[in-house]
Amino acid sequence: METRLTTSVLIVGGGPCGLMLANELGRRGVSALLVDEKHGTAFNPQANATQARSMEHYRRLGFADEIRQAGLPADYPTDVAYFTRYTAYELARFQLPSSSRATELVKGLSGSWSAAELPHRVPQKYVEAVLRRHAERLPGIRLHYGHRLVSYAEHGDGIVGEIECHDDSSRFQVHADFLVGADGPRSMVRQSLGIAYGGETGIQRDFMGGRMLAVYLRSPDFYASIPHAKAWMYNCFNGDRRAFMASVNGRDEFAFHTQLRPGEDETAITAHEAKAAFQRACGAPIECEVLSHLTWTAGHALVADGMQRGRVLLGGDAAHLFTPTGGLGYNTAIEDAVNLGWKLASVVKGISPLALLDSYEVERRPVALRNTFYARRFADSLGLFAAVPELEEATEAGNDARRTAGAYLEQHARAEFNIPGITFGGRYDTSPIILSDGTQPPPDAANVYVPSACPGGRAPHAWLDDGVSLYDLFGFEWTLLQFDDVVSAEGALRDAAQALGADVKLVTLPRQLRDLYEADLALIRSDQIVAWRGSASQAGMLGRVLGGALGHG
């Protein structure tokens, strides 16, 4: 291998954030070199829920259907169910549609769930494989698994990184314009910058707080052994062994997680003991093969004190660490990459000044603080709710206890797994590249999303009469929406874009959609965020508006 490589962006970390960033850059013709200490994408299932907003970004890149076909069979229900033990009493069930049904439903939904895509329940291991395949096909993108960043130095005009190969300890240098640390919670890049996590850690709960055991297992007999309808998420709720388990492939593989009890020595846990923990949650000796087991810590709600120092930036778990309730960690990481991707590309190409990157932390850090707050709230709701001793008794007192627990858990499930407000409602109101029109955004709420074109938030979505998603009409970079019967902004747009070197697509929509945007014109960023909206009489302002958004204002 060459001992000196040159690239625009050096990405450290090959998880969802790093891989998504590689896709965003490669699609824009910007070179990137990614290194990761692992020899490939994830073996363990890891995160299990892809939110609708992430699916919309996968759709924008052209592979949402490929993601949706991964994991569970198309007709597999994605219910969230709660049991005393998997073979015993069912306490509550929140019914959710299969992948094929979600694809049918989405075109008929409005209000909070007006979207181009609905959520998909798919393990992170499958998502990473799709992201990797697409990144590898892009010119200028090089993925080096089995390699680590040993050290780096920042110079005035770039970064020089020292990379080591895991197999033979050989080393080579990478010269890059920028370095992005997407290297996880123990991020070498974050630590090298002297940036600490802020927030709360070490939170203890009966469940989802403290040391957890994760078991990736194969159990061909599981479905036939339990007297309940299939679910995506199996929760075990009792006073003995609390657990949750996600179906990985809908056939025989599962991701089982349980809280370690006080005094349990995690270093001494064997595959046999991991199997016993699963069987205890089942309430029966259902046979299984342990494919892997490891421990991890729940009870984090952490956000880095900063996400950028000079030409070095942070994303994903390197910038924020969640307790996984709500599935918010991985999905927040994806949006980090989306936000950073177009900005890095614009700077590398000379369209925007270096100062554009200052907006990354301004926009993404408040969202990380918001999302870790919501994840902690869900963890408290689930983990601090205790099982009473009579819950598993076949008595009237047991029946009463199960009814009470079931009512609470059903309410909890609706709060945690029906979250359009969290999914779509993140906003960038304080950003220097968002031009406010003086209107107030809708209130932030977890379970309700009010579509609004108030600048700084996600562009309101609609399905057009021909069954086409409005988002599918957007340009890959900038989009200017105008509406029939409104004076065309084409001339002003063309002049503004030409002067700035910006790629802007003009889209004319039916007049009735103007009510959705409440303006004659709306400028949409590549990440589907409304940057500005205004009247037809302000069409001449487009140069200033677009220039401000690109850092030229």
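Please read all numbers here as calculations on a predicted model, not as lab measurements.

Visitor: Is there a simple way to think about the overall build of the chain in this case?
Guide: Scanning the chain from N- to C-terminus turns up 15 helices and 22 strands. Its C-alpha atoms give the chain a radius of gyration of 24 Å, near enough to 24 Å, the size a compact globule of 553 residues would have. Taking the principal axes of the C-alpha coordinates as reference, the chain spans close to 75 × 60 × 35 Å. Within the span of the chain, comprising 553 residues, buried residues form 59% of the whole. Between the centroid of the 53 positive side chains of the chain and the centroid of its 65 negative side chains there is a distance of 1 Å.

Visitor: Sorry, what's going on with the environment of Gln-204 here?
Guide: Structurally, the position occupied by Gln-204 is in the loop between strand E9 (197–200) and strand E10 (210–218). A relative accessible area of 57% means that Gln-204 is categorised as exposed. Sequence spacing of Gln-204 and Gly-383 is 179 residues, and the spatial spacing of their C-alpha atoms is 8.8 Å. Those residues in contact with Gln-204 that lie beyond four places of it in its chain are Gly-209, Gly-210 and Leu-384.

Visitor: Can you help me understand the sheet that holds strand E3 (residues 80–83) in this one?
Guide: The 7 strands are arranged E4-E3-E11-E12-E13-E10-E14 in an open sheet whose pairing can be described as mixed. This sheet does not close on itself; its edge strands, each paired only once, are strand E4 (90–94) and strand E14 (289–298). With strand direction ignored, the average angle separating the axes of adjacent strands in the sheet is 15 degrees. Here 7 bridges tie E10 to strand E13 (residues 253–259), and the two strands are oriented antiparallel to one another. Looking at E13, one finds that Leu-213 is bridged to Thr-258.

Visitor: Help me out: how do you make sense of the side chain of Asp-252 in this one?
Guide: Among the structural elements, Asp-252 can be located in the loop between strand E12 (243–247) and E13. Separated by 3.0 Å, the side chains of Asp-252 and Asn-249 make a polar contact. If near-sequence neighbours (up to four positions away) are discounted, Asp-252 is found in contact with Leu-217, Arg-218, Ser-219 and Pro-220.

Visitor: Can you walk me through the nonpolar core in this structure?
Guide: Taken as a class, soluble globular proteins show a tendency for nonpolar side chains to be buried jointly. By size, the foremost hydrophobic cluster in this structure holds 85 residues, and its most contacted members are Leu-10, Leu-25, Tyr-58, Leu-179, Leu-344 and Trp-478. When residues of this core are assigned to their parent elements, the largest contribution, 10 residues, is made by helix H9 (residues 328–348). With residues near it in sequence (within four places) discarded, Leu-10 still touches Leu-33, Leu-149, Gly-161, Ile-163, Val-174, Ala-176, Phe-178, Leu-179 and Val-180.

Visitor: What am I meant to see in the sheet that holds strand E21 (residues 521–524) here?
Guide: What links the strands of a sheet is backbone hydrogen bonding, and the strands pair in either a parallel or an antiparallel sense. Read across the sheet, 4 strands follow the order E20-E19-E21-E22 without closing on themselves; strand pairing throughout is mixed. In this open sheet, the two strands that pair with only one neighbour each are strand E20 (504–509) and strand E22 (530–534). Taking the axes of each pair of neighbouring strands and ignoring which way they run, one obtains an average angle of 20 degrees across the sheet. Across the sheet, helix H13 (residues 490–500) lies against strand E19 (478–483) and E20, angled at about 165 degrees from E20, the strand it touches most.

Visitor: Can you walk me through the packing of helix H10 (residues 358–383) against helix H11 (residues 396–417) in this structure?
Guide: When two helices pack together, their arrangement is given by the angle between their axes and by how far apart the axes lie. Between H10 and H11, the least distance of the axes is 10 Å, while the angle of their chain directions is 170 degrees. By the angle between their directions, the pair H10 and H11 is classed as roughly antiparallel. In this structure, H10 crosses over H11, and the sense of that crossing is left-handed. For the pair H10 and H11, contact is made by Phe-378, Ser-381 and Leu-382 and by Tyr-408, Leu-409, His-412, Ala-415 and Glu-416, respectively. When its residues are assigned to classes, the contact of H10 with H11 shows 5 nonpolar, 2 polar and 1 charged.

Visitor: For this particular structure, what's the right way to read the environment of Gly-306?
Guide: Among the structural elements, Gly-306 can be located in the loop between strand E15 (301–304) and strand E16 (308–309). Between the C-alpha atoms of Gly-306 and Leu-193, which are 113 residues apart in sequence, the distance is 9.5 Å. If we skip the residues at most four places from it in the chain, Gly-306 touches Ile-195, Leu-314, Glu-361 and Arg-365.

Analysis parameters
Residues numbered from 1 in each chain as written. Predicted model: local features only at pLDDT ≥ 70, side-chain atom pairs only at ≥ 80, totals over all residues. Heavy atoms only, no water. Helix = DSSP H or I, 4+ residues; strand = E, 2+ residues; numbered from the N terminus. Rg over C-alpha atoms; globule rule 2.2 N^0.38 Å. Buried < 20%, exposed > 50% of the residue type's maximum accessible area, 1.4 Å probe, protein only. Lys, Arg positive; Asp, Glu negative; His and termini not counted. Charge placed at Lys NZ, Arg CZ, Asp CG, Glu CD. Contact = heavy atoms within 4.5 Å. Pairing = 2+ DSSP bridges. Axes fitted to C-alpha atoms, helices over the stretch in contact; angles between N-to-C directions. Polar contact = N/O pair within 3.5 Å; in protein donor to acceptor, adjacent residues only side chain to side chain. Core = buried A, V, L, I, M, F, W, Y, C linked by side-chain atoms within 4.5 Å. Parallel < 35°, antiparallel > 145°, perpendicular 65-115°, else oblique. Left-handed = near helix turned anticlockwise from the far one by under 90°. Nonpolar A, V, L, I, M, F, W, Y, C, P; charged D, E, K, R; others polar.

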